[in-house]
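# Chains, contacts and geometry: an overview
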Amino acid sequence: MQTFATEAVDWPESATALREQVRALVAEHGERDPVRRANCWTKADPAFSRRLGEAGLLGMTWPREYGGHERSQIERYVVIEELLAAGAPVGAHWIADRQSGPLLLRMGNEELKRRWVPAIARGEAFACIGLSEPNSGSDLASVRTSARRDGDDWVINGQKVWTTGAHVAHFMIALIRSEPGSERQQGLSQFVIPMDAPGVTVKPIIDLTGAHEFNEVFFEDVRLPATALLGEEGNGWKQATAELSLERSGPERYLSSMALFTELVRHAGKHPDQTVRELVGRLAAEAWTLRLMSASVAAKLARGEDPALEATIVKDLGNSYEQAIPELVQAVVEMDLNGEDALARVTAYLLQVSPSFSLRGGTREILKGIIARGLGLR
Ligand SMILES: Cc1cc2nc3c(=O)[nH]c(=O)nc-3n(C[C@H](O)[C@H](O)[C@H](O)COP(=O)(O)OP(=O)(O)OC[C@H]3O[C@@H](n4cnc5c(N)ncnc54)[C@H](O)[C@@H]3O)c2cc1C
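Residues numbered from 1 in each chain as written. Predicted model: local features only at pLDDT ≥ 70, side-chain atom pairs only at ≥ 80, totals over all residues. Heavy atoms only, no water.

### Things to note about the environment of T164
Examined against the element boundaries, T164 turns out to sit in strand β3 (residues 153–164). The exposure class of T164 is partly exposed, given its relative accessible area of 34%. For T164 and E216, which are 52 residues apart along the polypeptide, the C-alpha to C-alpha distance reads 9.2 Å. Those residues in contact with T164 that sit more than four places away from it in its chain are I95, C128, E213 and F214. (Helix = DSSP H or I, 4+ residues; strand = E, 2+ residues; numbered from the N terminus. Buried < 20%, exposed > 50% of the residue type's maximum accessible area, 1.4 Å probe, protein only. Contact = heavy atoms within 4.5 Å.)

### Considering the site of the ligand
Residues in close proximity to the ligand total 15 residues, the closest being S132, W162, T164, T363 and E365. At 2.7 Å from an oxygen atom of the ligand is found a main-chain nitrogen or oxygen belonging to S132. At 3.0 Å from a nitrogen atom of the ligand is found a main-chain nitrogen or oxygen belonging to W162. Burial of the ligand by the protein chains amounts to 61% of its free accessible area of 970 Å². Elements with a minimum of two residues in the shell around the ligand: β3 and α12 (364–374). (Near = heavy atom within 4 Å. Polar contact = N/O pair within 3.5 Å; in protein donor to acceptor, adjacent residues only side chain to side chain. Areas by Shrake-Rupley, 256 points an atom, 1.4 Å probe, with all protein chains shown as cover.)

### Overview of the packing of helix α10 (residues 308–332) against α12
Relative to each other, α10 and α12 sit at 140 degrees, their axes nearing to 9 Å. For the element pair α10 / α12, the angle class is oblique. Our pair here, α10 against α12, has a crossing hand that is left-handed. Seen from α10, the contacting residues are L309, T312, I313, K315, D316, S320 and Q323; seen from α12, they are R364, L367, K368, I370, I371 and G374. (Axes fitted to C-alpha atoms, helices over the stretch in contact; angles between N-to-C directions. Parallel < 35°, antiparallel > 145°, perpendicular 65-115°, else oblique. Left-handed = near helix turned anticlockwise from the far one by under 90°.)

### Quick notes on the pattern of salt bridges
Going through the model one piece at a time under the given rule, you end up with 30 salt bridges. Among the salt bridges present, the one from D33 reaches R345, with a minimum N-O distance of 2.8 Å. Of this pair, D33 sits in the loop between α1 (15–29) and α2 (34–37) while R345 is found in helix α11 (residues 342–353), placing the two residues 312 residues apart along the sequence. Look at R345 and you get partly exposed, because its relative accessible area is 26%. Residue R266 pairs with E263 through a salt bridge whose shortest N-O separation is 3.3 Å. With a gap of three residues between them, R266 and E263 both fall in helix α8 (residues 258–268), about one helical turn apart. (Salt bridge = Lys/Arg side-chain N within 4 Å of Asp/Glu carboxyl O.)

### Notes on the nonpolar core
Ranked by size, the top nonpolar core spans 51 residues in total, and within it L83, V90, L264 and Y321 carry the most contacts. For this core, the elements supplying multiple residues, two or more each, are α1, α3 (46–54), α4 (73–86), α8, α9 (274–302), α10 and α11. When near neighbours in sequence (up to four residues on either side) are disregarded, V90 contacts C40, W41, K43, F48, L52 and L83. Core analysis: the next-biggest nonpolar cluster, separate from the first, contains 27 residues, A96, A119, A125 and V192 among them. (Core = buried A, V, L, I, M, F, W, Y, C linked by side-chain atoms within 4.5 Å.)

### A closer look at the packing of aromatic side chains
Summed over the entire model, instances satisfying the criterion amount to four aromatic pairs. Ring centres 5.1 Å apart and planes at 70 degrees place the aromatic pair W154 and F191 in the edge-to-face group. Of the two residues, W154 sits in strand β3 while F191 sits in strand β5 (residues 188–194), which places them 37 residues apart along the sequence. Relative accessible area serves as the criterion here: at 1%, W154 is assigned to the buried category. On the accessibility criterion, F191 (0% relative accessible area) is buried. With a centroid separation of 5.1 Å and an interplanar angle of 65 degrees, the aromatic rings of W162 and F214 are classed as edge-to-face. Of this pair, W162 sits in strand β3 while F214 is found in strand β7 (residues 212–224), placing the two residues 52 residues apart along the sequence. With relative accessibility at 27%, the residue F214 sits in the partly exposed group. Positioned above the aromatic ring of W11, the side-chain terminus of R19 is 5.5 Å from the ring centre. (Phe/Tyr/Trp six-rings, centres within 6.5 Å; stacked < 30°, edge-to-face > 60°. Lys NZ or Arg CZ within 6 Å of the ring centre and 35° of its normal.)

### Some words on the side chain of N319
Mapped onto the elements of the fold, N319 is located in helix α10. Beyond its immediate chain neighbours, meaning those up to four positions away, N319 contacts R253, V314, F357 and S358.

### So, unusual backbone geometry
With phi around 60 degrees, W162 is a residue other than glycine that occupies positive phi space. Of the residues examined, W162 reaches a relative accessible area of 49% and is grouped as partly exposed. Positive phi, close to 45 degrees, is recorded for D221, a residue that is not glycine. Inspection of the secondary structure assignment puts D221 in strand β7.

And the structure:
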C-alpha cells in the first residue's frame, strides 16, 4: 500500500533572495484590501501579472528557448507560496503558469508552443480550462462538445460552464469529443482555442458575492486549423487527467483563507484571550503541517515523479483547513459581519465563498475515491 511520505525539503540558497524579491514587488504593486487578498489566486490583475513576467517570476522552470528561466521547481514553489501568503492578485496568469504552459510544452506542436508559451512567461497571455459542461462536471467522460473534421480544419460546437477567467483569458485548453459516436473516455481530444476566434461567446456567471470569476462559454461553428489539436487525437482523457495533478498539487489548495488568519493575528494583538490564543496555535500548527506536505509534493515533482495521490490528499486536507478557518474565527471572535472592520469583512466574504473551495479542481467525493484507489482500498 502506498502512503504519504513527507520529506524535509532542501530549500535552495536562492530562496531568501526570491522571497525578498516577491515581498518587494507585492509591497510596490500588490493588493491592500483584505477581502481582495483572500482567495487571491482567483483575483485577476493583468498589470500585476505583467510585472511578475518582467521580473522573471512566471514560467520559471521552462526552457529559455520558450521564454522560461530554467529555474528549479522548488524555486518556483517559493515564489508562489510567497505570492499567496501575501494575498497578491495573481488570478490572471495563475492557470496559464500552473498548468497550461507546462501542458503546451509537453504536448504542444511547435506552432502552439511558439505562439503561447513565451507570451505566458511575459505575463501577457492568460488561459482558461474547458472541462466542465452542463450535465458533465464530475462525470467528465460524458463531455458532449464536439470537434468535427472539415478538410484540414476542425469545427467546434457545444458549451462549457464554470470556466474560471474565460473573460480575461486569451485561450482555452478544452476537452472535446473528436470522434463522432464515441463513448465515455474514448474519442476525446484536447484543443487550444483562441478566445477571440469567431463563434466563441463568453457569458458571465455572477456568484453570490456579486463577483464575476466564472463563465459559460459557447462554441458555434468555431473553425480551428489542424494545429489547434493539442497532443494526440483521441488521447484527451489521459492528457486532461494528467493535467489535474498540476492543478491539485499547489499551495493554493490550503492558502485561500490565509488573509483571514493574518487578520485574526492582527486582531488578537499582544494579549489575546485564551480561546483566540488556542485558535491561532491550532491554525498555525495545521498550516505548518500542510506546508510540509505540499512542499514534499513539489519536491517529488522536481524529481520527475508523479505524486498524483499525494497531490490529491493535500488538496482534500487543504480544502478542509481553508474551509474551516472562517467558521472557527466566527466562533471565537465577536463581530458584526456587516461591519467595516477588516476581520469581519474577510470573515463574511470567506463564509460565503469557502463552500466552493472543495468543488473547484474536483469535488471531495471524487478525490476520496482517487485516494481510496491509491491506498489500495478499492
Ligand atoms: C469556483 C469554481 C471554479 C471552477 N472553475 C472551473 C474551470 O475553470 N473549468 C472547468 O472546467 N470547471 C470549473 N469548475 C467546475 C468544477 O470542476 C465542477 O463544479 C466539479 O467538477 C463538480 O461538477 P458539478 O458541479 O457538475 O457537480 P456534480 O458532478 O453534479 O456533483 C454534484 C455532487 O455529487 C457528487 N458526485 C458526483 N459524482 C459522484 C460519484 N461518482 N461518487 C460520489 N459522489 C459523486 C459530487 O462530489 C458533488 O458533491 C469550477 C467550479 C467552481 C466551484
